[in-house]
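Residues per chain, in single letters:
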Amino acid sequence: MSNKYAQNTNIALQNQLVQWINDAGMAEGHKKADLLRKIIEVLLHQASQMVPVYIDNILSYVSDKSTEVKKQVLAFIEEISKLHPQYLPKVIGGLRLLVIDEVIAVQKRAIQASSIVYRNTLLWICKRYAEQTTDLTDVQYVWQHLTELKLIVLNMIDSENEGIRTHSIKFLEEVVLLQSSGGNTDSNEFTLDSLPLHIPFLKRGALEEESEHIFTLLVKFHNSQHISSVNLMACMTTLCFLAKYRPHFMPRVVLALADLHTTLPPTLSQSQVNSVRKHLKMLLINIVKHPSSNDMLPQLTQLLLDIGMTQQEINKVIPKERRNKRLGEIKNGDVPAKRYRVDSPQSNSMGSDSNSRSDFNFDEDSNQAILPTTTLLQPAAQLPAPLPVPKPLNEDVLFDALDNVHNVVKLVMATLANNLPDDMPENFINVYKPIPNSGSKAQKKNLAKMMMAHINGEPLLSLTHVPTSSLTDLAAKIPLLRDDDEKITLKNAVAKLQESTKADKKVEDAVSKLMEETRHLKEEERRTKNMEKEKEKEKHIPPPTPTVPKLKQKVKLLKLQEITQPIPKEIKEKLMIQAVARILHAEKDAAIGGAAQLRSKFITIFASSYTPEIRDLVLNYILEDPANRIDLALSWLYEEYAFMQGFNRHPVTLQPKMHEKHDQNYNQLLCALITQLFERGEPATESCKDVLLRKIYSEAPVITDEAIDYLKHLVTEEKVAFLALELLEELCIMRPPRAHKYVPSLVCHVLSENAEIRETALKSALKVFSRSTDAARKAIEKHASLYLGFISLSCPPSELLGGRHARMAWTDDMYKTCLNLVMALFPENEANHLIIEVARVYGCSGAEAKRCVLRAVEGPLRAAIAKQPPIRPAFLALLEECPRGSETLLTRLVHMLTERAAPSPELVSRVRELYATRVSDVRFLIPVLNGLSKKEILAALPKLIKLNPVVVKEVFNKLLGLQTPDDENPPVTPSELLVALHLIDPAKADLKYMIKATAICFAEKQVYTQDVVSAVLQRLSEESEIPVLMMRSVLQALTLYPAVGPLVLNILELLLEKEVWSHKVAWEGWVKCCERLLPQSCFLLASLPARALPAALQASPALAAALRHHVAAMSAAERALLPPHVAAHLSEPQFNVPSSATPLEPLPPGME
C-alpha cells in the first residue's frame, strides 16, 4: 500500500513539475523566477530521482534575459554540487558561462557560487578516488573546467567593478585555504593533505605552489596604493582569516598589516581612513586572541600600541596564559636573563647625568659598552680610569647609542665608505621603500632591535619592509645585505666605527679647541661693545643708586617686550605691501620651482584677509595681464566667497574683523573685475574681453545683483549687446536656483527699440522658459502679463520709449512689441493660462488695441492648438469666465478650435451656456453648430440668415458638412435646412433674407440635386398653410431641373384644394407656374372654380389662348364635361388675345 502511495505521489510531483516547467517557459520576469524556484525546491528535496530528467530544462535558463532567473540557476548549481555531485559534469559549463555574464549582479552571484562548487568538487574528487573508480574521465573534465574558471576569477581581481573585486577576493581566499596545508587545524576540515597522492591530473606540489602564488597576489593587492576602501577591508579580512587557519602565513600577514598601518593608500578619504584603521584594530585583536599568534605576540603588541591602544587594553585582550611572558618562562623551567637599566647606578657610575647614557660606542672585540662618547672626545691626559664592570650589550644600549648624532654620522660614513657597492643592484628599485617617520623614537628602537638581532646571528628583517612599529622578530626571508662576498656584516661595521672613533679623536679635540677660542673672542668683542654703550649712557643719565647691596641683587631676566620696540603701523603695512609685491612678481620662479599653486593660495589669502591696499595691489596685478591671470582672479573670488559663507579656514590673525561685511568684499571684487576688464582700453585685452567676461560669469560662485545690472547695462552697448544677452541666457539656464533673479534683466529687452536685440531677447526668453525652473517660468509669465497690460493704457509707457518720459500716440508697432512675449508663450504647454489674461486686457482696451490683438493672436493660437489638439483647460476656463468685452476674441478662439475637428461636447456645452447667459451674438454659435441639436439650429436660423451673405454661406457649408467631408452625420440634412428656411416666420426675419438664403442653397447644385429639391417641394406642399416662398422655390426648381414638371403639376393641383387663389403671393406664383408648364397645365385651368378662373386669365392672356386651344382640341363628349363657366369665360372678347401677344414672365431674382 505504501509503495502504491509513493508511486502516486511521484506521479503527482512529476505532473506538477511538468506544469511548472511549461508555465515557466511562457512566463516573464519575477513570475518565471518564482516558478523556477519552486521547480528547484521540489526537484532537489522531494523528487531527487527526477533530477537527471529535468536538469537540462533548468540549465537551459542559463541564457535567459532575466537576472533573477539566472540567480535561481546558480542556486540550483550550488545545491547540485552539494547534494548530487555526480551531476557536476553537466552543470560546470553553465557555471562558467554565468561567471562571464554581462550583468554585474549575475557575475557576483556566480563568483559566490564558484567558491562553494570548488570546495564540493574537491570533496567529490576525494570520494571518487576513495571508491577506487578506474574511469576518472568525468572527474578530469570537471577539474579542467574548474581550473579555467579559477583563472577567469583570478583575472577579475583587476575588474572595474568594486563588487566583483570583493567577491573575487573571497573566492581566492577559498582557493588558498583549500590548496594549502592545514598545520594544527581541525581534522574534519578539508586541506591539501586530504587530497589523494596519486591522482594523475592533481599534483599536490602544483596546487600548493599555486596557493602560494595567489597568496602573494593577495598581499600585493592589499598593499596597492590605488585600492578602494571596500576592497582593502575585504582583503584585510581574507588575510587575517588565512593567518588564523594557516599559521605559516602569519608572519607575512602581520608584516602586510604593519605596512598598511604605516602607508595607507593616498586615495582614501578621512572617513575611509578612520574605518580602515578601526577595522585593522579589530582584526589585530582577533589575531592576538588566536592560539597561532604566540610567536608573533611581541610584534602584534607593538603594532597595537602604534595604532593607539594602551598596554592595559592590550593585556585585557591577550589570553591569560600568555599575558605574562616572565611567568610563562618560569613555568617552563627557564630562568629569565637579568637586564639592567642603562641609567641605573650600575651602568652610570661616573656620576654623569641621565643624558650621558645616550653617548655610547662599541669595542670591536666585544658587545659591551665601554666609554661614553664625551669621554672619548677629551684629551688623552684627562681620560679617566677604565670602568671595572662593562655594561652588557642589549637593545637599550644600542638605542641610546643611536640616539647620539655623532655616533649615527660615523656609522653612516663608515657604511658608505666600506659597504656601498659601486653599482646599484637590479632589484633595489623594486625592493626599496622610503622609511616613514625616519628619526623618530619608534624607528630608532626598531633599528636597535634589528642590529641586536643581526649581532646575535638571528634572522634579519628587511629594512625596506619594516614600518615605524617595532617588528624585530618577524620571520622575513629577505636579507639586508644581498652579497656576502663584497659586503661586511653589521657587526664588523660597528667595530670599524670604534676604530675610526679612536683615529679621529685628535682631530675632534683640535676642532673643539678652535671652536672654544672663537667663542672666547666673540665674547670679548661683545663685552667691549657693551662697555662702550654703557659709557655713552653714563654721560647723559646718572647711574641709579642701588637700594640693596650689589652682591644681593638677582639676575634680571630679559623680556622681549622690554628690549624691543613694535614696528610702527605705517612701516608694517609698507613691509607687507613690499612682501606681497615680491610674491606677485615671482610668478616665473614659482612655476619653475613647482610652487605655483602654493603661491596662488598665498596671494588669495593675503588679498582676502589683509588691508585694502593689498587688495588693490593684487587687483592691479591681475588686470595687468588678465588673460593669463584669470585663474588667480577666480581663486580670489572663491576665497572671498568662503569668507562670505562663513567658511573661516584661516587662523584668527588672518581673519577679517567682525565689523567687515564679507558679502560687500565679494561683490566689490566681482564688480571691479568685470568693470575694469571691460572699461580698460588696453589693446592686449581687446581680443580676449569676450572670453574673459564669459569665464568670470560662468565660473564665479555667485553672481550678485550689481553684476547682473552691469550685464543688463552692457546690452545697450552696441559692440557687446549680443554677448551680454547670451551671458544672461546662460546664467538663467546654467544656474537654476537663482534663475528667477536673472530673468528680469533678460526679459526687459523684449521691449527694446532695436529690432535685432528685441528678437534675440525674445528667443532667449523662450529658451529659458522651456529649460529652466518653475520659478523662472513664473517670472517670465509675470513680465509677459505686465507688458500685455501696457496696451490698455492711454499712452505708451516709458519702457517702450527707451526710458524717455514723453506723451506719444500708440502705433501698431508699439502694440505688437507689447504683445510679442505673451504671444510667443502661447505654444508652450505651461503658459495656457495667459489666454485668460489676454482676454481680460482685450476687454478693457481700445478699438485699435483690440484690432492689433486679434491680428496678433491668430498665429500663436493656431500653433498652440496644433501642438496640443485636445482643448486645453485654460481655454475652457476662459469660456467659463468670459471677461466683459472679450466676446469677439472668444468667438475667434472658438472658430479656431473647431476649424479642423468637430467641437467636443464640453466645448459645445460651454458655448451653449455662454450664449444663453452672457453673449447674445448669434455668431458665437457658428463654430459649434455641428455640435448643437437640430432644434437649436433651426431656432437660430432666423438670426443666422440676417448675417453677411458670406457668413451665411459659411454657416450653410458647416451645417451641410461641406467643410468637413468626413462628417457622415451632419446635424441637419439639406432638405431639412431648405424646408426650415421656407417655414421661418416672416415676423422674425425679413423676406429678403429668406430669399437670399434659399438662393444660396439652390446655388449648391452638388448638394441640392433634383431628388433633394423634389423632396423639399413635396414636403412644402404637405404643409397646412402655403409657405410664402414656396411658389418662388417651385419656379426656381423648374428653371434648374425642368424634369420636375410632372411633380410641379401635382403640387399645383394640391394647391387648388387649399384655395391657392386666396393667397396673393402664392396665387401669383401658381399662375406663373401654369404659364411655364403650358400646355400641360391647361387641365388645371379648366379645374379652376368660376371665381378664380377670370383672375388667372386676366393675369396671363397666354393662359386664355392656351385654354381655348386646349378646349378646341377636345372632343364633343369631353367638351360637354367641362364646367359651364369655362366656355363662358373663353367666349368673352377680352380673352381673345393671341398667345404670343403676352411675353413670358422673367426669372425670379437670383435666377437670371
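What counts and how
- Residues numbered from 1 in each chain as written.
- Predicted model: local features only at pLDDT ≥ 70, side-chain atom pairs only at ≥ 80, totals over all residues.
- Heavy atoms only, no water.
- Helix = DSSP H or I, 4+ residues; strand = E, 2+ residues; numbered from the N terminus.
- Core = buried A, V, L, I, M, F, W, Y, C linked by side-chain atoms within 4.5 Å.
- Buried < 20%, exposed > 50% of the residue type's maximum accessible area, 1.4 Å probe, protein only.
- Axes fitted to C-alpha atoms, helices over the stretch in contact; angles between N-to-C directions.
- Parallel < 35°, antiparallel > 145°, perpendicular 65-115°, else oblique.
- Contact = heavy atoms within 4.5 Å.
- Nonpolar A, V, L, I, M, F, W, Y, C, P; charged D, E, K, R; others polar.
- Polar contact = N/O pair within 3.5 Å; in protein donor to acceptor, adjacent residues only side chain to side chain.
- pLDDT = per-residue confidence, 0-100.
- Salt bridge = Lys/Arg side-chain N within 4 Å of Asp/Glu carboxyl O.
- Phe/Tyr/Trp six-rings, centres within 6.5 Å; stacked < 30°, edge-to-face > 60°.
- Lys NZ or Arg CZ within 6 Å of the ring centre and 35° of its normal.
- Expected span 1.5 Å × (residues − 1).
- Bend = angle between axes of the 7 residues up to and from the residue.

1. Observations concerning the environment of Val 18
Here Val 18 lies in helix α1 (residues 2-26). Each C-alpha atom, one on Val 18 and one on Ile 39, is 9.2 Å from the other, the two residues being 21 residues apart in sequence.

2. Some points on the nonpolar core
If you look at the biggest cluster of nonpolar residues, it comprises 179 residues, and the most contacted ones within it are Tyr 697, Leu 821, Phe 956, Leu 1052 and Trp 1070. Judged by nonpolar contacts, the second largest core, of 111 residues, contains Val 73, Phe 76, Leu 88 and Val 153.

3. Some words on the packing of helix α4 (residues 67-83) against helix α6 (residues 104-130)
Between two packed helices, the angle of one axis relative to the other and the distance separating the axes together describe the packing. Axis separation between α4 and α6 bottoms out at 9 Å; the angle between their running directions is 5°. Judged by the inter-axis angle, α4 sits roughly parallel to α6. Residues Thr 67, Lys 70, Lys 71, Leu 74, Ala 75, Ile 77, Glu 78, Ser 81 and Lys 82 of α4 touch α6, and the partners they reach there are Ala 105, Val 106, Arg 109, Ala 110, Gln 112, Ala 113, Ile 116, Val 117 and Asn 120. Tallied by class, residues from the contact of α4 with α6 come to 9 nonpolar, 4 polar and 5 charged.

4. Some points on the side chain of Ser 66
Within the element layout of this structure, Ser 66 appears in the loop between α3 (51-59) and α4. Assessed through its relative accessible area of 15%, Ser 66 is described here as buried. Reaching out from Ser 66, the side chain makes a polar contact with the backbone nitrogen of Glu 68 at a distance of 3.5 Å.

5. Structural notes on the confidence of the model for the protein
With 74% of its residues at a pLDDT of 70 or more, the protein shows a mean pLDDT of 75. When pLDDT is averaged over each element of the protein, helix α8 (residues 162-178) comes out on top at 91 and helix α16 (residues 373-376) at the bottom at 32. When the criterion is pLDDT under 50, residues 461-504 qualifies, and its contacts beyond four places in sequence or with other chains add up to 98 contacts.

6. Describing the environment of Glu 730
Tracing the backbone through its elements, the reader meets Glu 730 in helix α33 (residues 721-734). Glu 730 gets classed as partly exposed once you look at its relative accessible area, which sits at 28%. Taking C-alpha positions, Glu 730 is 8.6 Å from Val 768, a pair spaced 38 residues apart along the chain. Ignoring any residue separated from it by four or fewer positions in sequence, one finds Glu 730 in contact with Arg 694 and Arg 735.

7. Observations regarding the pattern of salt bridges
Between side chains of opposite charge, a pair can form as their charged atoms come close. For the coordinates displayed, the defined rule picks out 21 salt bridges. A salt bridge links Glu 730 to Arg 694; the nearest nitrogen and oxygen atoms lie 2.6 Å apart. With Glu 730 in helix α33 and Arg 694 in helix α31 (residues 689-699), this residue pair connects regions lying 36 residues apart in the sequence. Between Asp 774 and Arg 777 there is a salt bridge whose closest N-O contact spans 2.8 Å. Placement of the pair is Asp 774 and Arg 777 together in helix α36 (residues 774-789), with a separation of 3 residues, close to one helical turn. Overlapping salt bridges, with partners in common, bring together Glu 587, Glu 624 and Arg 629 in one network.

8. Digging into the packing of aromatic side chains
Evaluated as defined, the whole model comprises 10 aromatic pairs. Measuring from ring centre to ring centre gives 4.6 Å for Phe 241 and Tyr 245, while their planes differ by 40°; the resulting arrangement is tilted. Residue Phe 241 and its partner Tyr 245 are both found in helix α10 (residues 229-245); the two are separated by 4 residues, about one turn of the helix. Taken together, the ring pairs in this structure connect Tyr 118, Trp 143 and Phe 171 into an aromatic cluster. The ring of Tyr 621 carries the charged tip of Arg 629 above its face, separated from the ring centre by 3.8 Å.

9. A closer look at the side chain of Arg 615
Mapped onto the elements of the fold, Arg 615 is located in helix α27 (residues 612-624). A polar atom in the side chain of Arg 615 sits 3.4 Å from the backbone oxygen of Asn 665. Setting aside anything within four residues of it in sequence, one finds Arg 615 in contact with Ala 607, Ser 608, Trp 636, Glu 640, Asn 665 and Leu 669.

10. Regarding helix α47 (residues 1010-1021)
Given a rise of 1.5 Å per residue, 12 residues ought to cover 16 Å, and the 16 Å separating the end C-alpha atoms of α47 matches this to within 8%. Val 1012, Val 1013, Ser 1014, Val 1016, Leu 1017, Leu 1020 and Ser 1021 are the residues of α47 that are buried. Contacts from the buried residues of α47 go to α45 (974-982), α46 (991-1003), α48 (1030-1040) and α49 (1045-1057).

11. Considering helix α28 (residues 626-644)
The largest bend along α28 reaches roughly 25° and is located at Leu 632. Just downstream of α28 lies Gly 646, where phi reads positive at about 90°.

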